[in-house]
Amino acid sequence: MTDQLPIFKARIPEWLVMLSIFAVLLSSVLLFALSTADGTAAAGYYGASASDVQFSLLMFYAAVASFAVVERRFFARVVTKDYLLICIILEILIAYWCYHTREIWLIFTLRFLQGIVNCGLTSISLNLLFSRLKSEHAKETGYTIFYGMILCVSPITALFSVPL
């Protein structure tokens, strides 16, 4: 991310910028915990076994872990605003496709792609958060917020997924 190209317009209030960053980061983190909310219900929805749903979660995490190493190269070559929009649109399309398919092999493929896109979205959100925090410990504070969200998101995901 470069300082020459601002991501947000100057007339947008800082609280709205921070709220937007947190909303994107929260949606990204919610996807981490969505598969762990109720594996048996997901297995019933897809007509697969519970171990298949667990494997799709592993595919998601494998994609995040493998793409995290090379993601910085993509992020450096594309304008941040475009990269953020591409990741958000891809995340929505893949989630929609996951919802409407019943083929387990396609779920595995989509979950892997979802992990790649989620890694990019999380990276962008964290970098935007780091740039907005006004202290010498901005990275530590940003990572604390991120990992705190990861710890708290599982009960929140359960609250959303239980009625469904």
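Everything quoted here is computed from the prediction, not taken from an experiment.

Visitor: Quick question: what am I supposed to make of the layout of surface pockets here?
Guide: Its volume calculated, the second largest pocket comes out at about 320 Å³. Taken together, 16 residues form the lining of the second largest pocket, with C119, T122, S123, L126 and Y143 sitting closest to its centre. At the level of elements, α3 (50–77), α5 (104–132) and α6 (138–161) are the ones that each hand at least two residues to the lining of the second largest pocket. The greatest single-element share of the lining of the second largest pocket, amounting to 7 residues, is contributed by α5.

Visitor: Explain the pattern of salt bridges to me, please; I cannot follow it from the model alone.
Guide: Under the criterion given, the structure shown has 1 salt bridge. Here E14 ties to R132 by a salt bridge, and the two come within 3.0 Å at their closest N and O atoms. Pair noted here: E14 is in helix α1 (residues 14–34) and R132 is in helix α5, with a separation of 118 residues, a long-range link. With a relative accessible area of 36%, E14 lands in the partly exposed category. With a relative accessible area of 22%, R132 lands in the partly exposed category.

About the criteria used
Residues numbered from 1 in each chain as written. Predicted model: local features only at pLDDT ≥ 70, side-chain atom pairs only at ≥ 80, totals over all residues. Heavy atoms only, no water. 1 Å grid on protein atoms, 1.4 Å probe; cavity = no way out; pocket = protein on both sides within 12 Å on 5 of 7 lines; lining within 4 Å. Points joined across faces, edges and corners; volume = space filled by probe spheres on them. Helix = DSSP H or I, 4+ residues; strand = E, 2+ residues; numbered from the N terminus. Salt bridge = Lys/Arg side-chain N within 4 Å of Asp/Glu carboxyl O. Buried < 20%, exposed > 50% of the residue type's maximum accessible area, 1.4 Å probe, protein only.

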